[in-house]
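# Coordinate analysis (summary)
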Amino acid sequence: MDAIQPFAPDALAAALAQAADEINASAVFAAGTERGNEVMARLAARTGLPFAANCIAATPGDPVTVTRLRWGGSLLEEAHLHSPRALITVAPHTVDADTGPPPVEVDVTPAAEADLLVHVSGHVTPSNGGVSLAEAKVIVSGGRGVGSKDGFAIIEELAALLGAAVGCSRAVTSAGWRPHSDQVGQTGTKVAPDVYIACGISGATQHMAGLKGAKRILAINSDPQAPLMLNADYTVTGDLKEIVPAVSAEIRKGR
Ligand SMILES: Cc1cc2nc3c(=O)[nH]c(=O)nc-3n(C[C@H](O)[C@H](O)[C@H](O)COP(=O)(O)OP(=O)(O)OC[C@H]3O[C@@H](n4cnc5c(N)ncnc54)[C@H](O)[C@@H]3O)c2cc1C
């Protein structure tokens, strides 16, 4: 993905098409990230080859059989790709990147001008101070229970003390309290932190779909029966507006 800078999905798709022809590949794999899926969709469009996104397993053969994650991970689908070359993206956090085959080096021709038309023209610094949600080791996330845009000050404060990224639920992005880039879940970012601290989030299936990679979940909620409380490793029942500042104060005291 870094071979063509700035990121230009058509140019990468063209390079992949050439490389696959060169080595007569029976399959082309990419990470099931936004960029990986975009490049592979463009490769499928330009070659007419079948593309299966978000796979967790693939068995070679004719047809190639793949297992795909559907509906935010709540459904596994078995699909067959009838083609001499299958295009497959791998669902995030499901396969160890080190287990892949050794790298292959192929010379490809420089990108055509038309393939560079769509490219990244700039970057906007995320509101969470630059810690990437997808790669954060600790995430402090707020839901509707935070109450308002300004209410996120206590979430940001705790996140800053822990060196964490700030996340949120869709109720929060829909209310305009946080940008979509902070949203965790099926239609947001799938995260895989060591610790996910969920404050005032009920734990709807669509939110939980983004948490499958989280190693430990700490939930703070006034409702002990909220689904996230029932699925968490650690829970604190009570008003987050009292609990979150109290946790921050304790961390400060200990420093
Ligand atoms: C197609 C589709 C895709 C979706 N994708 C996503 C997605 O990607 N991510 C996502 O998050 N949602 C997604 N949703 C929305 C999802 O169904 C829920 O509506 C949403 O997650 C609810 O957000 P919430 O938990 O913040 O709010 P609520 O469900 O309203 O929960 C608020 C929680 O805060 C608690 N609370 C209230 N006040 C306090 C307080 N003072 N202290 C402590 N706790 C308090 C309440 O007990 C409650 O549990 C999607 C929905 C659809 C239909």
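The sections below set out a description of the structure shown in this document. From a predicted model like this one, the values you see are computed outputs, not experimental measurements. (Residues numbered from 1 in each chain as written. Predicted model: local features only at pLDDT ≥ 70, side-chain atom pairs only at ≥ 80, totals over all residues. Heavy atoms only, no water.)

With that out of the way, let us pick up the sheet that holds strand 2 (residues 51-59). Strand order in the open sheet formed by five strands is 1-5-2-3-4, and the pairing between neighbours is mixed. Looking at strand neighbours, the two that pair on one side only are strand 1 (27-31) and strand 4 (75-81), the edges of this open sheet. Neighbour-to-neighbour, the strand axes of this sheet turn through a mean angle of 50 degrees, independent of strand direction. Across the face of the sheet, helix 2 (residues 34-47) comes into contact with strand 1, strand 2 and strand 5 (86-90) while running at roughly 170 degrees to strand 5. (Pairing = 2+ DSSP bridges. Helix = DSSP H or I, 4+ residues; strand = E, 2+ residues; numbered from the N terminus. Axes fitted to C-alpha atoms, helices over the stretch in contact; angles between N-to-C directions. Contact = heavy atoms within 4.5 Å.)

Further remarks concern the pairing of strand 5. Of all the five residues making up strand 5, four are buried; the element is thus mostly covered by neighbouring parts of the structure. Sheet topology note: the strand 1/strand 5 ladder contains five bridges and is parallel. In the sheet register, Ala27 faces strand 5, and the bridge partner there is Ala86. Alignment of strand 2 against strand 5, held across three bridges, turns out to be parallel. By the bridge assignment for strand 5, Cys55 is matched with Val90. (Buried < 20%, exposed > 50% of the residue type's maximum accessible area, 1.4 Å probe, protein only.)

Overall, the coordinates contain eleven salt bridges when judged by the stated rule. Across the salt bridge formed by Arg178 and Asp182, the nearest N and O atoms sit 2.9 Å from each other. Considered together, Arg178 and Asp182 belong to a single accessibility category, that of buried residues. Where salt bridges share partners, they join Asp10, Glu38 and Arg42 into one cluster. (Salt bridge = Lys/Arg side-chain N within 4 Å of Asp/Glu carboxyl O.)

Right, let's get into unusual backbone geometry. Cis rather than trans, the peptide bond between Asp62 and Pro63 has omega equal to 10 degrees. Its identity as a non-glycine residue notwithstanding, Asn24 has a phi of 50 degrees, on the positive side. In this structure, Asn24 sits in the loop between helix 1 (9-22) and strand 1. On the basis of relative accessible area, Asn24 is assigned to the exposed category, the value being 63%. Its identity is not glycine, yet Asn54 carries a phi of approximately 65 degrees, on the positive side.

This paragraph deals with the site of the ligand. The environment of the ligand is formed by 26 residues, the closest being Arg144, Ser169, Thr187, Ser202 and Asn221. At 2.7 Å, a side-chain N or O of Asn221 approaches an oxygen atom of the ligand. In this structure, Leu240 approaches the ligand through a main-chain N or O atom, which is 2.9 Å from a nitrogen atom. Among the residues making up the shell around the ligand, the classes are represented as six nonpolar, 15 polar and five charged. (Near = heavy atom within 4 Å. Polar contact = N/O pair within 3.5 Å; in protein donor to acceptor, adjacent residues only side chain to side chain. Nonpolar A, V, L, I, M, F, W, Y, C, P; charged D, E, K, R; others polar.)

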